[in-house]
Amino acid sequence: MVGLVDGDTGEAVFDIDVDVVAGADGELDFRGPFVHGRRGERFIYLTWGEVDDAGTFAMFRRLKLHLSPLLEQFPADNLAGAKKIQAVLELSDTRGRPLAASVRPPWVTWRLGFGSR
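Treat the numbers as computed from the prediction; the structure is a model and nothing was measured.

Cut-offs and rules
- Residues numbered from 1 in each chain as written.
- Predicted model: local features only at pLDDT ≥ 70, side-chain atom pairs only at ≥ 80, totals over all residues.
- Heavy atoms only, no water.
- Buried < 20%, exposed > 50% of the residue type's maximum accessible area, 1.4 Å probe, protein only.
- Helix = DSSP H or I, 4+ residues; strand = E, 2+ residues; numbered from the N terminus.
- Pairing = 2+ DSSP bridges.
- Salt bridge = Lys/Arg side-chain N within 4 Å of Asp/Glu carboxyl O.
- Polar contact = N/O pair within 3.5 Å; in protein donor to acceptor, adjacent residues only side chain to side chain.
- Contact = heavy atoms within 4.5 Å.

Asks: Can you walk me through the pairing of strand 8 (residues 109-113) in this structure?
Replies: For a regular strand, side chains alternate in direction, first toward one face of the sheet and then toward the other. Along strand 8, the buried face is formed by W110 and L112; none of T109, R111 and G113, which line the opposite face, is buried. When strand 6 (residues 84-88) meets strand 8, the two strands line up antiparallel, connected through five bridges. Looking at strand 8, one finds that K84 is bridged to G113.

Set out below in structure tokens:
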């Protein structure tokens, strides 16, 4: 778990490490402690839940933030050289509930940063 953010907070920011690596065939792939799924289907979970008085977290919904659109959106050299990859998305659906299921563009906008981490 990276961090907890209150549900009524206006913005949530999570910093996690994701490595962009070249496979044996030269194709880019994603690695890291928060990266899930098979090659070509990598994703990161964002999880919604409640914390009880004892501090125990109970999940009630989660979202798969798919990474493969990055391979389609950016040239390999730019993606491999990025110091920061940012996903920008609304965290609630059109009814105000926590966004869930699989999220790909246009529901997420990806940005690359090339300055210091």
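Asks: Quick question: what am I supposed to make of the pattern of salt bridges here?
Replies: Pairing between side chains becomes possible if they bear opposite charge and their charged atoms approach one another. With the rule as written, the count across this model stands at five salt bridges. The partner of R31 in a salt bridge is D29, and the shortest N-O contact between them spans 2.6 Å. R31 gets classed as partly exposed once you look at its relative accessible area, which sits at 41%. According to the relative accessible area criterion, D29 is buried, its value standing at 3%.

Asks: Sorry if this is basic, but what is going on with the sheet that holds strand 4 (residues 43-51) here?
Replies: Think of a sheet as strands paired side by side through backbone hydrogen bonds, with each pair either parallel or antiparallel. Spatially, 3-4-5-7 is the arrangement adopted by the four strands of the open sheet, whose pairing is mixed. Two strands close off the open sheet at either side, each with one partner strand: strand 3 (35-36) and strand 7 (101-103). When strand 3 meets strand 4, the two strands line up antiparallel, connected through two bridges. Bridging across to strand 4, V35 finds its partner in I44.

Asks: Got a minute to help me understand the side chain of H66 in this structure?
Replies: With respect to the helices and strands, H66 occurs in strand 5 (residues 57-66). Here R104 takes part through its side chain, which lies 3.4 Å from a polar atom of the side chain of H66. The residues contacting H66, other than those within four sequence positions of it, are R42, F43, S102, V103, R104 and W110.

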